[in-house]
Amino acid sequence: MLLSIVLPAYNEEQNISNTAEVLAGLLAEHSIEYELVFISDGSKDATFQEMLKASAENPRIIGAEFSRNFGKEAAIFAGLQLATGDAVIVMDCDLQHPPEVIPQMWKLWLNGAEVVEGIKENRGKESLPHKLSAGLFYRIMSRLIKMDMNASSDFKLLDRKVVDVLLGLPERNTFFRALSFWTGFRREYVSYEVRERQFGESKWSSLSLMKYAVTNATSFSTLPLQLVTVMGVLALLFSIVLFVQTLVKYLSGTAVEGFTTVILLILVIGGFLMLSLGIIGHYIARIYEEVKGRPKYIISRTLGDMGKNKKEERKTV
Ligand code: UDP
Ligand code: MG
């Protein structure tokens with residue numbers, strides 16, 4: 001039984017060697033056969049060199065480098081693609097996801113779980129705006145996807161079956177955390193405390209988190225589109241009331257007034273229309289992106305032994 005650990009890394013030169021050592025030590029201690037799959041997401045620092053160094057010391061380390069930054073989602077999927085294990089764990093390479101949980105996940109998997117979800121006990125130390133925006137994001141997402149997103153994270157163990165299902169999905173704009181929930185399968189949970197980052201800093205700004213929220217919300221729900229209909233209905237009801245009022249005024253010969261109403265109506269309807277167009281436009285953009293069918297990521301270099309037939313060899317090293 002081989003366990004693959006997928007570690008997306010963007011500008012994490014300070015973390016690679018430490019993470020590799022910690023994981024290798026822990027897994028050896030629990031005598032779990034493993035491979036570490038580092039994906040450098042177009043890092044601008046020495047992340048890939050660090051990966052090469054780590055791989056030279058430990059042949060169980062494989063990895064790849066993207067031709068540019070494609071985002072964490074793409075890195076996760078590239079890792080899943082390269083991983084050869086019977087079970088695959090995805091975790092951050094800054095060790096904010098505590099490695100001590102891995103043996104627990106592994107045991108649950110051995111006992112028949114097909115997905116083991118890491119559940120956050122706390123959100124770790126974050127700045128207030130980050131906390132607020134993340135909180136809002138998760139609340140909206142939980143509503144839209146109908147699952148509790150606040151505690152869920154990308155820290156999970158997936159059975160080979162689940163990995164193959166995910167890799168077979170044709171969609172390009174993926175949301176790993178929700179997709180793995182969407183696939184179903186027998187799941188177990190382990191809770192963990194989010195650690196503080198030891199080296200480097202968080203790669204998310206509030207803006208990128210917001211973008212992430214909108215993209216993922218719309219990839220899992222068409223509710224915003226239905227919102228357009230709701231706005232239309234509201235505007236229609238309002239217009240019926242005004243229609244009657246205007247007509248009555250006209251018939252009773254007092255129809256000169258109403259300039260304010262006209263301005264307000266133009267503003268309200270204009271606002272509704274533009275908002276609706278924006279929402280529809282967003283979905284069209286998403287359709288356009290999917291239709292183009294570009295790959296999720298482009299790999300420029302790989303490291304370590306990649307052939308599936310080398311799996312056995314690697315196991316015995
Ligand atoms: N990451 C990535 N590509 C990106 C941004 C982040 O692969 O474009 C990786 C990053 O190297 C880390 C993980 O995703 O391993 C989580 O990122 P980070 O620690 O910055 O996020 P936070 O823990 O603050 O949510
Ligand atoms: Mg982190």
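Residues numbered from 1 in each chain as written. Chains lettered and ligands numbered in written order. Predicted model: local features only at pLDDT ≥ 70, side-chain atom pairs only at ≥ 80, totals over all residues. Heavy atoms only, no water.

**Concerning the site of ligand 1**
What surrounds ligand 1 is a group of 16 residues, the closest being Glu12, Asp94, Gln96, Ser202 and Lys203. In the model, an oxygen atom of ligand 1 is placed 3.2 Å from a nitrogen or oxygen of the asparagine 69 side chain. At 3.1 Å from an oxygen atom of ligand 1 is found a main-chain nitrogen or oxygen belonging to cysteine 93. Protein burial of ligand 1: of its 530 Å² of free accessible surface, 88% is covered by the chains. Here the residues of the shell around ligand 1 sort into five nonpolar, four polar and seven charged. (Near = heavy atom within 4 Å. Polar contact = N/O pair within 3.5 Å; in protein donor to acceptor, adjacent residues only side chain to side chain. Areas by Shrake-Rupley, 256 points an atom, 1.4 Å probe, with all protein chains shown as cover. Nonpolar A, V, L, I, M, F, W, Y, C, P; charged D, E, K, R; others polar.)

**Side note on a nonpolar patch on the surface**
Together, Val230, Val233, Leu234, Leu236, Leu237, Ile240, Phe243, Val244, Leu247, Val248, Tyr250 and Leu251 make up an exposed nonpolar region whose accessible area comes to about 1200 Å². With respect to the helices and strands, the residue valine 233 is situated in helix α9 (residues 223-251). (Patch = residues over 30% accessible without salt bridge, like charges linked within 9 Å, V, L, I, M, F, W, Y side chains within 5 Å. Salt bridge = Lys/Arg side-chain N within 4 Å of Asp/Glu carboxyl O. Helix = DSSP H or I, 4+ residues; strand = E, 2+ residues; numbered from the N terminus.)

**Quick notes on the side chain of glutamate 50**
The residue glutamate 50 is located in helix α2 (residues 47-57) in this model. With residues up to four places along the chain from it excluded, the contact list for glutamate 50 reads Glu13, Ile16 and Ser17. (Contact = heavy atoms within 4.5 Å.)

**What to know about the layout of surface pockets**
The space that makes up the second largest pocket amounts to roughly 350 Å³. Ile140, Met210, Ala213, Val214 and Ala217 are the residues nearest the centre of the second largest pocket, which is lined by 17 residues in total. Looking at the lining of the second largest pocket, the elements that each hand over two or more residues are α5 (128-145), α8 (206-220), α9 and α10 (259-292). The biggest single contributor to the lining of the second largest pocket is α8, with seven residues. Grouping the constituent residues of the lining of the second largest pocket by class yields 13 nonpolar, four polar and no charged. (1 Å grid on protein atoms, 1.4 Å probe; cavity = no way out; pocket = protein on both sides within 12 Å on 5 of 7 lines; lining within 4 Å. Points joined across faces, edges and corners; volume = space filled by probe spheres on them.)

**Remarks on the coordination of the magnesium ion (ligand 2)**
Taken together, Asp94 (OD) and Gln96 (OE1) make up the protein donors of the magnesium ion (ligand 2), found 1.8 to 2.0 Å from the metal. Aspartate 94 sits in the buried class, given a relative accessible area of 4%. (Donors = N, O, S within 2.8 Å, 3.2 Å for Na, K, Ca; no water. Buried < 20%, exposed > 50% of the residue type's maximum accessible area, 1.4 Å probe, protein only.)

**Concerning the pattern of salt bridges**
Two side chains with opposite charge may pair up if their charged atoms get near one another. Counting across every chain of the model gives eleven salt bridges. Between arginine 60 and glutamate 33 there is a salt bridge; the shortest N-O distance is 3.3 Å. You can see arginine 60 sitting in the loop between α2 and β3 (61-66) and its partner glutamate 33 sitting in the loop between α1 (16-29) and β2 (34-40), a full 27 residues away along the chain. Take glutamate 33: its relative accessible area is 30%, and that puts it in the partly exposed class. Note that glutamate 114 is salt-bridged to lysine 161, the shortest N-O span being 2.4 Å.

**A few points about the sheet that holds strand β4 (residues 87-90)**
Each strand in a sheet pairs with another by means of backbone hydrogen bonds, the pair being arranged parallel or else antiparallel. The mixed open sheet is built from eight strands, whose spatial order is β7-β5-β6-β4-β1-β2-β3-β8. For this open sheet the edge positions go to β7 (187-192) and β8 (299-303), each flanked by a neighbour on one side alone. The mean inter-strand angle of the sheet, taken between neighbouring strand axes irrespective of direction, is 20 degrees. Alignment of strand β1 (residues 3-9) against β4, held across four bridges, turns out to be parallel. Looking at the pairing, isoleucine 5 lines up with isoleucine 89 of β4. Together, β1, β4, β5 (115-120), β6 (152-159) and β7 form the strand contacts of helix α4 (residues 101-110), whose direction differs from that of β6 by roughly 45 degrees. (Pairing = 2+ DSSP bridges. Axes fitted to C-alpha atoms, helices over the stretch in contact; angles between N-to-C directions.)

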